[in-house]
Amino acid sequence: MSFSSLIARIRNTCQNWLFHATNRWSQLWPFIHQLSDCWSQIPLVQSLRRTIIQRWFPKYETSSSEPATQPLSSTESLQPQPTPEYREWLSFPGRFWKESVLKLRGAQWILAAGSMARWIWKGCTSNRMRQAMELSTEPLTSPRDSVNPAASYPWLTSRSMEQRMLIASLGALVVSVVLAGRLIQLQVLEQDDFSRTASGQRIFRQTVPARPGDILDSSGRILATTVTTQSFYLVPSLIDEPESFASKVASVLQFDPQKLSQKIRNSSKSQFLWIKRRLDPSEVISIRELKLPRDQWGFREEYRRVYPQGQIAAHVLGLRNIDGIGQGGIEESQESILAGQPGSETLLRDARGRVLEIDPTSTLPMSPGESVTLTIDTVIQLQTERVLDEVMTQWQPSSVCAIAMDPHTGEILSMASRPTFDPNQPELAASDSWKNRAISDIYEPGSTFKPLIVAYGLEAGLIQKDQVFDCERGQYRMGRRVLHDTYAYGSLNLTDVLVKSSNIGMAKVGELLGNAELFEAAQRFGIGRRTGIELTGELPGLLRPLSQWNSYSTGSIPMGHELAATPLQMIAAHAAIANGGVWRSPTIIKAPRESRTQVSQQVISSDVSRWMISEPLREVVTRGTGKKAQLDDYEVFGKTGTAQVLLASGGYSHGKYVSSFICGAPIDKPRAIVLVVVNEASVGGEAFGGKVAAPAAAEILKHTLRHLSKDLRWAASPAKNHPSR
C-alpha cells in the first residue's frame, strides 16, 4: 500500500467516525478497530495495538480463531455523501503533499506553510463548507442509528466545529511562523556556516605525500630508498559483525582477533580506521583472497622506506617513522632536502565517504625529495662493522664504536656502533641499540689526549723535541697527591714520554705549560664543543671553565683526565696532527655541497705535525704500547688510551675501563685515520687500549687503505725496519 493510499484510508475512517458516532461507547469501538486496521500493515503499529488492547481493553480482545470486527460498509454506516466542493477541500492535503511538499527546497517551505494555513482558514470561514459538513436529513434505515449525533455530541455542531477549526488554523499559523523564522535563520543568517560544513563533508582536500629522496654512499650505492606499498584500512561503521570480520583479518596479519574486534567496536561510528600500514606484497594478496565485503575495507598507497644494506650504517642513516618523518641520523638532519614538497588534490565524496571524483583543476603536483650522497664508502663500512662484531664476540664489552676518516678532507669513510639495529625492522631493536656512540658517547680520553698537549707545547715553544724529563722512578708527589707510572721509569725524552705513555712525564709537561695554556690547547683541538658534523645527537663533550681548574688539573689534564670528549672529537683532533696541523671539521655529506658545514683552522705548524707522526706516534706502534697495530704493508702511527669509566656521581669505576686506540697511515702522506673505542670489556683480563682496541683499529685501517688504493690508485708506503730505542 502506498503512502498516499494509506493517508486517504485514514481520512475516510475519520469521516465515518465524525458523522456516525453515537452516545454509546460500544459504538465507538468499530471506529477504533477500523482505524487500527488501516495501520495493521505496519509491524510497529501491530505491536503497539496488541499492547494497548491487552493492557487497557482486555474485554475487547479476541482470540485468533474469532473473525476480526469489520469496519462498517457504506450501506451499514449510512454515511451522508459530502458535496463535491467538500470532497475537493478534503482531498487538498493529499494532493498538496504529493505534488508540492515532496518537491520543496529551502525557503519554499514558507510558501507551502502559507498555502496550508489558507486551506484551514477556508474550511473554518466558508459558509458553503459549513453547510457541506452538516449531517444529512435523509431518514435512517436502522432504528439503532436513529440517534442524532449532533444532539448527543454538541462538539459536532457546525458552530462548535467552526471554533475548533479556527483554533486549529491559528495553531497552524503559529507553527508556520516558527518554521519560517527557523528557515530564515538557516537559509539566510547561517547560510555561510552551513555551506562550509556541507562543503567540508562533500569536498575534501587531500595531501599527496612527496617521495623522499634516496641516500647514496660515496660511490652511488643505494643505502636508503623508497618504494610504493599498500596500507590496509577499514570502515568500521559498515561492519555489522566485528567478531567474524576480525577473525578473518587476524588470521592473515597475525593479530589477536579479540583485540582487533574490540578495536573495530570502539570505532563503530568511524568512517576510517588504519589496521596495518605498509604491508608486504604477500599480505596484500592474502587479504584480497579473503573476499571481504568491498565497502568495508580498502587499500591506500603509501611510501615505504627501504634500507637495502640492512643494518649497515644504521646509526648514520637513521630511519623514517610510520608517517614518513625522519628520525635520527641523515634522515632527520637532512629532512628538508630528502622530504620534498607534498602536493594536494580535491576529492568529491558521497555520504559514505567514497570518492566520486578528483577535481583536476585544483590539483597541486608533489615535488619528490632530492638524493643525498654521503662520504661513507659501503665497502669500508662493511669491513668496519665486521671488525666490531668480532670485538663484541671476543671481549664482550657493553658497547664499541669505530670511525674511519680522511684527515685531509675531514670526510668520514665509515662510522659504526654496537649494539645496533636494522632500520627495516625497528620494532625489534633493543633499547640500548639506538645510540650513535661515535658522536654521543663522552669519555675521558686518557693517553690519547697526550699527543695534543705535546704538539701544542712544541708549537707554543714551552717544551722542546729533545727535552728530557725525570720520571722519578715511577712515583711523583704533585701537591697533595702522588702520581704513579706503570713502570719505574727514570729519565725519558719527550718522544719516550709518549711512547711509554708516562703519566709522570706528562704531569711535568703540564707544569711547564700551566693551566691557562692547557685550557687553550684543549680548546684549540676542539674539545668542549661540537664538531658540526651533519648528524643529529652530537654532544659537545665536557671542558670545565678555567676558573674551576686547580693544581690537580695541572697534572690531570695532560693525562687526559678531568675532561671528556666524544670519539668524533678525538679523531678530528688527531686528524689535525696528520693533516699538517690543520683542524678541519668532520663531514659526512658529499652532495649536495650546500649541505656541508665545514670549517678549518691551523692549530699547529706543519713542522710540528710532521715530527709528531714520524717520531713519537710512529714509535708508539713500532716499539711502544701500540705494537699490536703494526701492518705488513704500511707504516702506522698511533696512540693507545686506557681510562677508568667515569661514573655519573663523579667518581671512577674500579675494574671497568674505556679502551681506545687511534692510528693512521701512510706516514709520509696519511690517507686514513681510524679510532676504535671499547667500553667495559668484560673478559680477557685488564682491558688496555693496546691489547683490546689496537688490533681492531689496525684491521679497519688495513681494509680501508687497500680499498682506497684499489679505487683511487694510491700507492702505499713500504714498511721499513727502524731500530728500537
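Residues numbered from 1 in each chain as written. Predicted model: local features only at pLDDT ≥ 70, side-chain atom pairs only at ≥ 80, totals over all residues. Heavy atoms only, no water.

Asks: What am I meant to see in the overall build of the protein here?
Replies: Within the protein, the secondary structure is distributed over 27 helices and 22 strands. Per-residue burial for the protein yields a buried fraction of 45% across its 725 residues. A fraction of 71% describes how many contacts in the protein between residues 6 or more apart in sequence connect residues 24 or more apart. Summing over all exposed atoms, the protein offers an accessible surface of approximately 36,700 Å²; the carbon and sulfur share of this is 53%. (Helix = DSSP H or I, 4+ residues; strand = E, 2+ residues; numbered from the N terminus. Buried < 20%, exposed > 50% of the residue type's maximum accessible area, 1.4 Å probe, protein only. Contact = heavy atoms within 4.5 Å. Areas by Shrake-Rupley, 256 points an atom, 1.4 Å probe, with all protein chains shown as cover.)

Asks: Would you explain the packing of helix H19 (residues 450–460) against helix H21 (residues 503–524) in this entry?
Replies: The angle between the axes and the distance between the axes are what describe a pair of packed helices. Their axes nearest at 9 Å, the elements H19 and H21 cross at an angle of 80 degrees. One way to sum up the angle between H19 and H21 is to call them roughly perpendicular. Contacts from Lys450, Ile453, Val454, Tyr456 and Gly457 of H19 reach H21 at Asn503, Met506, Val509, Leu513, Glu517, Leu518, Glu520, Ala521 and Arg524. Of the residues belonging to the contact of H19 with H21, the class tally is eight nonpolar, two polar and four charged. (Axes fitted to C-alpha atoms, helices over the stretch in contact; angles between N-to-C directions. Parallel < 35°, antiparallel > 145°, perpendicular 65-115°, else oblique. Nonpolar A, V, L, I, M, F, W, Y, C, P; charged D, E, K, R; others polar.)

Asks: Would you mind showing me how to read the confidence of the model for the protein here?
Replies: Close inspection of predicted coordinates is inappropriate for parts of the model with low pLDDT. Scored by pLDDT, the protein has a mean of 81; 72% of the residues are at 70 or more. The model gives residues 62–80 a pLDDT under 50, and that stretch makes 19 contacts with residues more than four places away or in other chains. Below a pLDDT of 50 lies the segment residues 713–725, which in the model reaches 23 contacts outside its immediate sequence neighbourhood of four places, other chains included. (pLDDT = per-residue confidence, 0-100.)

Asks: What am I meant to see in the packing of aromatic side chains here?
Replies: In this description, a pair of aromatic rings is defined by centroid distance and the angle of the planes. Summed over all chains, the structure comprises nine aromatic pairs. Aromatic side chains Phe232 and Phe299 sit 5.8 Å apart centroid to centroid with 50 degrees between the ring planes, which places their arrangement in the tilted category. Remark: Phe299 occurs in strand E5 (residues 297–306) and Phe232 occurs in strand E3 (residues 222–234); sequence separation between them is 67 residues. Judged on exposure class, the residue Phe232 and its partner Phe299 are both buried. For the ring pair Phe519 and Trp549, a centre distance of 5.5 Å and an interplane angle of 75 degrees mean the geometry is edge-to-face. Of this pair, Phe519 sits in helix H21 while Trp549 is found in the loop between H21 and helix H22 (551–556), placing the two residues 30 residues apart along the sequence. The exposure classification of Phe519 matches that of Trp549, with both residues buried. These aromatic residues form a ring-pair network of at least three members: Phe232, Trp297 and Phe299. Over the face of the ring belonging to Tyr233 we find Arg300, whose NZ or CZ atom lies 5.6 Å from the ring centre. (Phe/Tyr/Trp six-rings, centres within 6.5 Å; stacked < 30°, edge-to-face > 60°. Lys NZ or Arg CZ within 6 Å of the ring centre and 35° of its normal.)

Asks: Honestly, the sheet that holds strand E21 (residues 652–665) in this entry has me stumped. Any pointers?
Replies: Within a sheet, neighbouring strands are paired by backbone hydrogen bonds and run either parallel or antiparallel to one another. On the basis of which strands lie adjacent, the open sheet formed by five strands has the order E12-E11-E22-E21-E20 and antiparallel pairing. Edge positions in the sheet fall to strand E12 (412–418) and strand E20 (637–646), since each has one partner strand and no second. Geometrically, the sheet is characterised by an average inter-axis angle of 10 degrees between neighbouring strands, direction not taken into account. Bridging between strand E11 (residues 399–405) and strand E22 (residues 672–679) involves seven bridges; their strand directions are antiparallel. Looking across to E22, one finds that Ala404 is bridged to Val674. Relative to E20, helix H25 (residues 616–623) is tilted by about 80 degrees, and along the sheet it contacts E20 and E21. (Pairing = 2+ DSSP bridges.)

Asks: Quick question: what am I supposed to make of the nonpolar core here?
Replies: Soluble globular proteins: nonpolar side chains tend toward being buried together. The biggest cluster of nonpolar side chains holds 89 residues, and the ones touching the most others in it are Ile330, Leu374, Ile412, Met415, Phe525, Ile588 and Met612. If we skip the residues at most four places from it in the chain, Ile412 touches Thr375, Ile376, Ile403, Ala404, Met405, Ile533, Leu568, Pro586, Thr587 and Ile588. Counting residues in each nonpolar core, the second largest holds 34 residues, with Phe661, Cys663, Ala696 and Ala698 among its members. (Core = buried A, V, L, I, M, F, W, Y, C linked by side-chain atoms within 4.5 Å.)

Asks: Explain the side chain of Glu444 to me, please; I cannot follow it from the model alone.
Replies: Counting through the fold element by element, Glu444 comes out in the loop between helix H18 (437–440) and H19. Of the side chains bearing the opposite charge, Arg544 lies closest to the buried Glu444, which forms no salt bridge; the N-O distance is 8.4 Å. A polar side-chain atom of Glu444 sits 2.6 Å from a polar atom in the side chain of Tyr652. Apart from residues no more than four positions distant in its own chain, Glu444 is found in contact with Gly560, His561, Glu562, Leu563, Ala643, Leu646 and Tyr652. (Lys, Arg positive; Asp, Glu negative; His and termini not counted. Salt bridge = Lys/Arg side-chain N within 4 Å of Asp/Glu carboxyl O. Polar contact = N/O pair within 3.5 Å; in protein donor to acceptor, adjacent residues only side chain to side chain.)

Asks: Explain helix H24 (residues 606–614) to me, please; I cannot follow it from the model alone.
Replies: Residues lying three or four places apart along an α-helix face the same way, a consequence of the helix completing one turn every 3.6 residues. Listed in full, the buried residues belonging to H24 are Val608, Ser609, Trp611, Met612 and Ile613. Residues of H24 that are buried in the fold lie against H19, helix H20 (494–499), helix H23 (567–578), H25 and E20.

Asks: Mind showing me how you'd approach the environment of Gln475 here?
Replies: As for its position among the elements, Gln475 is in strand E14 (residues 475–478). Through-space distance from the C-alpha of Gln475 to that of Ala488 is 7.5 Å; in sequence the pair is 13 residues apart. Sequence-distant contacts of Gln475, that is, excluding residues within four places in its chain, are made with Val482, Leu483, His484 and Ile504.

Asks: How should the side chain of Lys639 be read in this particular structure?
Replies: Position of Lys639 relative to the elements: it lies in strand E20. Buried charge without a partner: Lys639 forms no salt bridge, and the closest opposite charge is Asp485, 11 Å away. At 3.2 Å, the side chain of Lys639 and the side chain of Ser501 are in polar contact. Sequence-distant contacts of Lys639, that is, excluding residues within four places in its chain, are made with Ser447, Thr448, Pro451, Leu498, Ser501, His574, Leu617, Val620, Thr625, Ser660, Phe661 and Ile662.

Asks: Looking at this structure, I do not really get the packing of H23 against H24. What am I missing?
Replies: One way to put it is that H23 packs onto H24 with a least axis distance of 7 Å and a crossing angle of 105 degrees. In terms of axis orientation, H23 runs roughly perpendicular to H24. Where H23 abuts H24, its residues Ala576, Ile577 and Ala578 lie against Ser609, Met612 and Ile613. Class assignment for the residues of the contact of H23 with H24 results in five nonpolar, one polar and no charged.

Asks: Would you mind showing me how to read the environment of Asn503 here?
Replies: Looking at the secondary structure, you find Asn503 in helix H21. Of the residues examined, Asn503 reaches a relative accessible area of 23% and is grouped as partly exposed. Each C-alpha atom, one on Asn503 and one on Gly474, is 8.9 Å from the other, the two residues being 29 residues apart in sequence. Once residues within four sequence positions are removed from consideration, Asn503 is found in contact with Lys450, His484, Asp485 and Met559.

Asks: Help me understand helix H11 (residues 242–253), please; the structure alone is not making it clear to me.
Replies: Taking 1.5 Å per residue as the helical rise, H11 with its 12 residues ought to reach 16 Å, and the 16 Å between its terminal C-alpha atoms agrees with that figure. Residues Pro242, Phe245, Ala246, Val249, Ala250, Val252 and Leu253 constitute the buried set of H11. Around the axis of H11, the buried residues are gathered within 155 degrees of arc, so they sit on the same side. Buried-residue contacts for H11 involve E3, helix H12 (257–266), strand E4 (273–276), helix H13 (281–289) and E5. (Expected span 1.5 Å × (residues − 1). Arc of directions from axis to C-beta.)

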